[in-house]
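Letter by letter, the chains look like this.
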Amino acid sequence: MTPRAADRARYDRATAHLDAPVAIVDLDAFDANADDLVRRAAGKPIRVASKSVRCRALLERALAREGFAGIMSFTLDESLWLARAGFEDVLLAYPSADRAGFAALAGDEKLAASVTVMIDDPAQLELIDRARDGGRETVRVCLELDTSLRLLGGRVRVGARRSPLHEPAQLAELARSVARRPGFRLVGLMAYEGHVAGVGDAVDGRPLRSRAVRLMQAAARKELAARRAAAVRAVRAVAPDLEFVNGGGTGSVQHTAAEDAVTEIAAGSGLYVPRLFDHYSSFAGRPAALFAQPVVRRPGVGVVTVLGGGYPASGAAGRDRLPVPYLPAGLRYDPREGPGEVQTPLLGPAADDLLIGDKVWFRHAKAGELCERFDRLHLVEGDRVTATVPTYRGEGRTFL
C-alpha cells in the first residue's frame, strides 16, 4: 500500500461515522509542518497568519508550540474578536476603514494593548482619529514596506500592489508623521514578499518557467534584503524602540529569517500545506487539511459524480485556483465541466472502484479559504477523529 493509499484508508476509517461533505485536519501532519516551519525559521519566532488557519482551536494549538508567537490577522473586526478571546499579540496585516472598530480599539485599554494596526498613508491616521468617538487609548501602529522588485527604472514591477512606501526615506517620513501625532505609537515594520513566499519555483512539467522564477526570486531576495535593512535603519532613527520587524511567508521562511534586520517571520499556509505549496524546491510539507465529497452517481465506465466541490480560491482565475481530487489517486476533472457548484464528474480508472456513498478526498488550492465552506473541522489522529472544532464560520464569523 502506498503512503497516499494508507492515508486514504485512515481518513475513511476515521470518518466512517460522518456523512460527506466533511473537512478534516490531520494533526500528525499539522504538527510535523509546524516543526518544519520552526526549523526553517532558525530561532526567530513565527507569527501565525490567521487567514490561513481560520480556526481558533488550531491557532491556539500552533501558538502553544515553542517557536510560535503572535497572530497576523486580516481584518480589524477579526483582530478585536481575537483580542477579546484572549489572544494578546495581534498584528492587523492590512489597513482598515472600519470606523466602529477603531472606536472600540481606542476606547478599550485591553484591546489597544493587544492589537497593532497597519498603515502606509497619513490619511489612515486621520481616519482613525476621526473614528475615535472619545476614545483616548494610544493606538499601536505598524508601517508596511512595499517589497516589489522594480526593474528597468520602474517600468517592470514584480510583486503584489500593496503599500505605496517603496523607499526607506518614505518609511522614515511616515514614521515622523506618527511620532508627531498624539495618540499613536509606532511599534513595528512589516514587509511581505509574496512574489518570493507565495510563488512556487519547481512546477512539474514547466522547467523553463521554474528556472525563471528561481532567477527572479534570487534577484528579489538580494534586492529586498538590502532595501529592508536600510528601511529598518531609517525607521529606527525615528522610533528607536521599534518592537518588531516582520517579514516572510511560508515559501520564504528560511531566506527571510537569515536577514539580520528581520526579528520575526509570518507564516500560516505551511501548517495546512494546500496544493499551491506543492511546487517549492526548498521545502516539502505534508497535506494536513482536506475535504471529502460523497459519490452520488456512476454515469458510466471510468466516471463518478460527487456532490459539489466547486470551491475556487482567490487570486487571478486559473486552474491552479481549483481544488484537486487527491484520494484515491488517479482521478481528474472533466475538462468540459470542471468542479461544479452542485455536482462534479471525475474521470479515471480509480472511478470504477468507487461506490455510491464513498468519499473522494480533495485538497484546496489555498489554506484557510477552505474554512469559509465548512463550519467545523474534524481533527484526525491516526485513524480516529479525536476532536471536532468550529471554524470561524462555525462561530458565526465571516469577516470578509
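From a predicted model like this one, the values you see are computed outputs, not experimental measurements.

Cut-offs used in this document
- Chains are numbered independently. Their residues run from 1 in the order of the written sequence.
- Local features in this predicted model are restricted to residues whose pLDDT is 70 or higher, and side-chain atom pairs enter the listing and the counts only when it is 80 or higher, whereas totals over whole chains, interfaces and linings include all residues.
- Computation of side-chain values covers all heavy atoms of the structure but excludes hydrogens and water.
- Under the pairing criterion, centres of Phe, Tyr and Trp rings, with the six-membered ring standing for Trp, must be within 6.5 Å; the plane angle then separates stacked pairs below 30 degrees from edge-to-face pairs above 60, leaving the rest tilted.
- Counting from the N terminus, the helices are DSSP H or I runs at least four residues long and the strands are E runs at least two residues long.
- Three labels apply to residues, based on accessible area from a 1.4 Å probe with only protein chains included: buried if under 20% of the type maximum, exposed if over 50%, partly exposed otherwise in between.
- Among the buried residues, those of types Ala, Val, Leu, Ile, Met, Phe, Trp, Tyr and Cys that are joined through side-chain atoms within 4.5 Å form a nonpolar core.
- Note on contacts: a residue pair qualifies if any of its non-hydrogen atoms lie within 4.5 Å across the two residues.
- Every case where a carboxyl oxygen of Asp or Glu lies within 4 Å of a side-chain nitrogen of Lys or Arg is listed as a salt bridge.
- At least two bridges found by DSSP between two strands is the condition for calling them paired.
- A fitted line through C-alpha atoms represents every axis, and for helices the fit uses only the stretch in contact; the resulting angles, taken between N-to-C directions, go from 0 to 180 degrees.
- Between 65 and 115 degrees an angle is taken as roughly perpendicular, under 35 as roughly parallel, over 145 as roughly antiparallel, and anywhere else as oblique.
- Left-handed describes a crossing in which the near helix is turned anticlockwise from the far one by less than a right angle; the clockwise case is right-handed.
- For this scheme, ten residues count as nonpolar: Ala, Val, Leu, Ile, Met, Phe, Trp, Tyr, Cys and Pro. Four count as charged, namely Asp, Glu, Lys and Arg, and the remainder, Gly too, count as polar.
- A helix's residues, less one, multiplied by 1.5 Å, set its expected span.
- The arc under discussion is defined with respect to the helix axis, by the directions toward the C-beta atoms.

Enquirer: How would you sum up the packing of aromatic side chains? Please name residues and give values.
Expert: In total, this model carries 13 aromatic pairs according to the counting rule given. Their ring planes at 90° and their centres at 5.1 Å tell us that Trp81 and Tyr392 sit as a pair that is edge-to-face. Linking Trp81 in helix 4 (residues 76–84) with Tyr392 in the segment after strand 19 (384–390), this pair joins segments that are 311 residues apart in sequence. An identical accessibility class is assigned to Trp81 and Tyr392; each is buried. Site record: aromatic cluster; members linked through ring pairs are Phe74, Trp81, Tyr392 and Phe399.

Enquirer: Give me unusual backbone geometry: which residues, what numbers.
Expert: Most of the time, phi is negative for any residue but glycine, and the peptide bond is trans. With an omega dihedral of 5°, the bond running from Ala20 to Pro21 counts as a cis peptide bond. Here the amide bond leading from Leu327 into Pro328 is cis, since omega sits at 0°, within 30 degrees of zero. Within the secondary structure, Pro328 is located in the loop between strand 14 (324–327) and strand 15 (332–333). Notably, Ala42 is not glycine yet its phi reads approximately 55°, a positive angle. Looking at where Ala42 falls in the secondary structure, it is placed in the loop between helix 2 (27–41) and strand 2 (46–49). Not every positive phi belongs to a glycine, and Val273 is a case in point at roughly 55°. Note on placement: Val273 falls in the loop between helix 12 (269–272) and strand 12 (289–300). Note on Val273: relative accessible area 3%, which makes it buried.

Enquirer: Please give an account of the environment of Ala219 that cites residues and values.
Expert: For Ala219, the location among the structural elements is in helix 10 (residues 207–238). Residues Ala219 and Leu400, 181 residues apart in the sequence, show an inter-C-alpha distance of 34 Å.

Enquirer: Describe in detail the nonpolar core, supporting the description with residues and values.
Expert: Leu58, Val117, Val141, Leu143, Tyr272 and Leu377 are the most contacted members of the largest nonpolar core, which has 89 residues in total. The element best represented in this core is helix 2, accounting for six residues. Ignoring sequence-local partners within four residues, the contact set of Val117 consists of Leu76, Leu92, Phe102, Leu105, Ile128, Val139, Arg140, Val141 and Cys142. By size, the runner-up hydrophobic cluster in this structure holds 12 residues, among which are Tyr11, Ala14, Val22 and Leu290.

Enquirer: Give me the pattern of salt bridges: which residues, what numbers.
Expert: It is possible for side chains of opposite charge to pair when their charged atoms get near one another. Summed over all chains, the structure comprises 30 salt bridges. Here Glu126 makes a salt bridge to Arg181, at a shortest N to O gap of 2.5 Å. Note that Glu126 is positioned in helix 7 (residues 122–131) and Arg181 in the loop between helix 8 (168–180) and strand 9 (184–191), a separation of 55 residues in sequence. Judged by relative accessible area, which is 33%, Glu126 ranks as partly exposed. With relative accessibility at 24%, the residue Arg181 sits in the partly exposed group. Residue Arg185 pairs with Glu243 through a salt bridge whose shortest N-O separation is 3.2 Å. Pair noted here: Arg185 is in strand 9 and Glu243 is in the loop between helix 10 and strand 10 (244–247), with a separation of 58 residues, a long-range link.

Enquirer: Provide a residue-level description of the sheet that holds strand 2, including the pertinent values.
Expert: Across a sheet, strands are paired by hydrogen bonds formed along the backbone, either parallel or antiparallel in direction. A barrel is described by the order of its strands in space; here eight strands give the closed sequence 2-3-4-5-6-9-10-11, paired in parallel fashion. Averaged over all adjacent pairs, the angle separating strand axes in this sheet is 30°, with direction ignored.

Enquirer: Please set out the pairing of strand 17 (residues 359–363) residue by residue, giving values where relevant.
Expert: Counting buried positions along strand 17 gives five out of five residues, so the element sits mostly inside the fold. Neither face of strand 17 is exposed, since Lys359, Trp361 and Arg363 on one face and Val360 and Phe362 on the opposite face are all buried. In this structure, strand 12 lies alongside strand 17, joined through four bridges in antiparallel fashion. Its bridge partner being in strand 17, Phe291 is matched across the sheet by Phe362. Summarising the sheet, strand 14 and strand 17 pair through three bridges and their orientation is antiparallel. Paired with Leu327 across the strands is Trp361, a residue of strand 17.

Enquirer: So what's going on with the pairing of strand 18 (residues 376–381)? Residues and values would help.
Expert: Where strand 1 (residues 22–26) and strand 18 come together, three bridges link them in parallel fashion. From the neighbouring strand, Val25 faces strand 18, where its bridge partner is Leu379. Bridge count between strand 18 and strand 19: six bridges; the pairing is antiparallel. Within the sheet, the bridge partner assigned to Arg376 lies in strand 19 and is Pro390.

Enquirer: Give me the packing of helix 2 against helix 3 (residues 56–63): which residues, what numbers.
Expert: Each pair of packed helices gets described by two things: the angle between the helix axes and the distance between those axes. Taken N-terminus to C-terminus, the directions of helix 2 and helix 3 make an angle of 45°; their axes are 11 Å apart at the nearest point. Taken together, the axes of helix 2 and helix 3 are oblique relative to one another. Read as a crossing pair, helix 2 and helix 3 show a hand that is right-handed. Taken together, the residues of helix 3 that come into contact with helix 2 (itself represented by Leu27, Phe30 and Asp31) are Leu58, Arg61 and Ala62. In the contact of helix 2 with helix 3, the residues fall into four nonpolar, no polar and two charged.

Enquirer: Any chance you could break down helix 1 (residues 3–14) for me, citing the residues and the numbers?
Expert: The terminal C-alpha atoms of helix 1 lie 16 Å apart, and with 12 residues this matches the ideal 16 Å at 1.5 Å per residue to within 8%. Among all positions in helix 1, only Arg10, Tyr11 and Ala14 are buried. Each buried residue of helix 1 sits inside an arc of 95° when the element is viewed along its axis, so together they form one side. Buried residues along helix 1 sit against strand 1, strand 12, strand 14, strand 17, strand 18 and strand 19.

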